[in-house]
Structure formats: structure tokens, C-alpha cells
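# Tertiary structure, described
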Amino acid sequence: VTTPGAPAPGVTAIEPPALPAGLDTPALVIDIGIVEANARRLGDQLRARGVALRPHTKTHKSVALARIQLAAGAAGITVGTLGEAEVMAAGGIDDIFVAYPVWAVGPKAARLAALHARTDLALSVGFDSVAGAERLAAAAGSSGRPVRVVLEIDPGNGRTGVAPARAGQFAGAARDLGLDVIGVFTHGGHAYRGADAIAGAAADEVSSLAVAADLLLAAGIEPQVVSAGSTPTALAAATGPVTEIRAGTYLLGDRIQVFLGASPPDGVAIAIAATVISTAVDGQVVIDAGAKTLTKDMPDYLIGFGSLPAYPDATIERVFDYHAVVRTPEGSRRPALGEVVTVIPNHCCVVVDLHDEFVATRAGEIVGRWPVDARGRSR
Ligand SMILES: Cc1ncc(COP(=O)(O)O)c(C=O)c1O
């Protein structure tokens, strides 16, 4: 899709959020106006299809941003770890799906039990094995209330989830263990293989969920929740038996999403402010946002570890912990020593987790410094 050395197609078109002046760099900046517009857009599009939105909050790990999603009509939230669930529940969010096959042993069993014991919290948890379900059932122990579980189905992503044809068998086994099986879910992560993979991945989610939901019914289990989603597949998978979509990245957007056509060019709410700290070596400038700010995430269809919208010919070619080398071709415009530049990261979710807080802005004005509440809560 790309020519080595050339900016990746579609990516230079990003209209970045405006940076406030005087930031201490590197800084994570999130434009709340763009966040609100993104929250509303997908919420409205799904509402028009009669499908709920349960956004994955691992993208931002912020209670405040989750509240913006709920205010825009989200039906609850998704998280990826018990730690994220604990933080969101402590922040007052009362409907949480842990879309992950939690292996509930040791401290995790106790933590799951503590969350489950909260009668003010609607909690559900993923599973994709009978052994995992046994541990979830054991963790609920003497609570007298079954844990609500959702069976993960593999739509062809090849990560987690049982084959759709085996859904009845796994759901029945979990029910027999005393769990409350409320439905099935998929993650169409194979959409990230490239723009031409999105329609197929969405269709895979819908067809595998349809098979799985029918098999639950045949096993006497009502599939109340038929949950699909990723950001690229969010709209195309919102059809047929699907009752909810769990997109996450849509809220902040990033370079990958714009490249895939899943975020509009003005839908990127996240930016890194970085300073040019060296121009000593010919043909390049060096900025202070390295791998510990931008990560090393780079799909093979993108060139560079992020982009500089104001310098479309520049390529972030190499990253070290605290340096990024930006190649600037001969004759092209390049930023000056000391200049603060806007960098759009490739993948927002991992970038956010590298920061304690973000600078919340509206149209370039700072409105606060907001914590990344669930930062580092990867278990
Ligand atoms: C299980 C699950 N659901 C939902 C999502 C959200 O997808 P996206 O990041 O494409 O918005 C993810 C992301 O990895 C996921 O793993």
C-alpha cells in the first residue's frame, strides 16, 4: 500500500487538535470537544440502527472520559482487566463488562468476588473455557448470586474465543456450573490487517455471533447480549442478531484509524506535544517523544512511529526511550531547534497508558489536567 520513504496514504490528511502554547513536553493532549463529537457520532449512528454502544474504556482509562461516553448515551462500559473495572467502579460507573477471559485464581479470585459482591454494580465477565468458567463460579463462592458471564466466540481473529459451532456446549457447561450465561461476544480484531479486511471481519463477527446465539437458544439459554466490535467494524457489525457494539479507539482516534477510514481526518482527539531537542545530525531532527511516549507500535501499512501533520514529508524513522529521529528529506520544510511540534500517534490506547495525566483542551485552550485513572492497571 505504501512506497518506502513516502508518507503513508491518507495519513497526512489528519487535522490535529490545536496545541495550547507553553506546554512542558512531551505532553499528552486530548481535545474534549473532539472527544464529545466522536462520542455523539458513533452513539447516534448505532442508535439509528437500534444497537447499543458499550465502549471499551481501555482506550483512555479515564473515568471522566467514560462519563462523556455515558452522557452521550452509552449503555455501560467495557474494560479489559479487573484493575480497570475496579477503577471505573470506584469512579461511580455501575455497568461494567470485563470483555476478557479472566482466569480467576489467587488475588484475582478475591478481587472478582469483591466486585461481584457489590449490589450497586452490574458486572459481567468473559470466558472461553470450562476451566475458566469453573474458576469464575468458585470465585463467586458463597455470594448466593451467580456471576454473569458472556462466552467469547472467535470470529476468525485467532486470539481468544471458542469456535461458533461449540457455543452451545460451552454455554451449557457454564450454566451447569451455576453461572448466569447472558450471551456471546466477538472482537473483530482481524479488521486491523488492512482497510480491505474490515468488511469481511465485520461480516465474520455477525455470522459467528448468529450461529453462536442460535446454539445458546437451542441449549435453552436466552442470548440477551450479542456483543460485537472493534472500531473499524463498529458500523458494519451493527446488524442482524447484534445487540451491542464495543468500540473503544473511536473516541480518541489515531493514525491507524484514519488510515483505515474508521476515524474521520478531523476525528483525532489525541496529540503528543514534543520539542525538537537536536538538529545536530544532517537530514534529521530529534524530538523528545521517544518510545516511552509514542510506543513502538507500527503496523506494516504505516511508515513511521507517528506523524507530524505540519510537516507531511517528515518520517519518524527511529525511536529510542526518550528520542525520536525524524527524517526530513532534502529541500523539505523542517521544524527548528526548540520548536514544539504536534505528533499524531499510531495507536492511541497504548500511548495513553504511558502517561499519568493528560492535558484536557478545547480548541487549543487548556481546561484541566485530568488523570489517566486506570494507568498501569493491566491485571
Ligand atoms: C475484546 C475487545 N473488545 C473491544 C475492543 C475495542 O476495539 P477497538 O480498539 O478497535 O475500538 C477490543 C480492542 O482490542 C477488544 O480486545
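Because the structure is predicted, anything quoted here is derived from the model rather than measured.

## Remarks on the site of the ligand
Surrounding the ligand, one finds 14 residues, the nearest of these being Arg159, Tyr192, Thr231, Gly248 and Thr249. For the ligand, an oxygen atom lies 2.4 Å from a polar atom in the side chain of Tyr192. When the ligand sits alone it has 390 Å² of accessible area, and the protein chains cover 92% of it. In this structure, the ligand is accommodated by the largest pocket. Its residues placed into classes, the shell around the ligand shows four nonpolar, seven polar and three charged.

## Quick notes on the sheet that holds strand 7 (residues 180–185)
With parallel pairing, the eight strands of this open sheet are ordered in space as 2-9-8-7-6-5-4-3. Sheet topology places strand 2 (52–53) and strand 3 (77–79) at the edges, where each strand pairs with a single neighbour. Sheet analysis places strand 2 next to strand 9 (residues 244–245), joined by two bridges and oriented parallel. The partner of Ala52 across the bridge, within strand 9, is Glu244.

## Description of the pattern of salt bridges
Applying the stated rule across the entire model yields 15 salt bridges. Taking the shortest distance from any N to any O, the salt bridge between Glu244 and Arg54 comes out at 3.0 Å. With a gap of 190 residues between them, Glu244 in strand 9 and Arg54 in the loop between strand 2 and helix 2 (63–71) connect regions that are remote in the sequence. The exposure class assigned to Arg54 is buried, which follows from its relative accessible area of 9%. Ionic pairing is found between Lys61 and Asp353, a salt bridge with its closest N-O pair at 3.5 Å. In this pair, Lys61 is assigned in the loop between strand 2 and helix 2 and Asp353 in the loop between helix 10 (348–352) and strand 16 (357–362), connecting sequence segments 292 residues apart. An identical accessibility class is assigned to Lys61 and Asp353; each is buried. Via salt bridges that share partners, Arg54, Asp95 and Glu244 belong to a single interconnected network.

About the criteria used
Residues numbered from 1 in each chain as written. Predicted model: local features only at pLDDT ≥ 70, side-chain atom pairs only at ≥ 80, totals over all residues. Heavy atoms only, no water. Near = heavy atom within 4 Å. Polar contact = N/O pair within 3.5 Å; in protein donor to acceptor, adjacent residues only side chain to side chain. Areas by Shrake-Rupley, 256 points an atom, 1.4 Å probe, with all protein chains shown as cover. 1 Å grid on protein atoms, 1.4 Å probe; cavity = no way out; pocket = protein on both sides within 12 Å on 5 of 7 lines; lining within 4 Å. Sits in = over half its atoms within 2 Å of the grid points. Nonpolar A, V, L, I, M, F, W, Y, C, P; charged D, E, K, R; others polar. Pairing = 2+ DSSP bridges. Helix = DSSP H or I, 4+ residues; strand = E, 2+ residues; numbered from the N terminus. Salt bridge = Lys/Arg side-chain N within 4 Å of Asp/Glu carboxyl O. Buried < 20%, exposed > 50% of the residue type's maximum accessible area, 1.4 Å probe, protein only.

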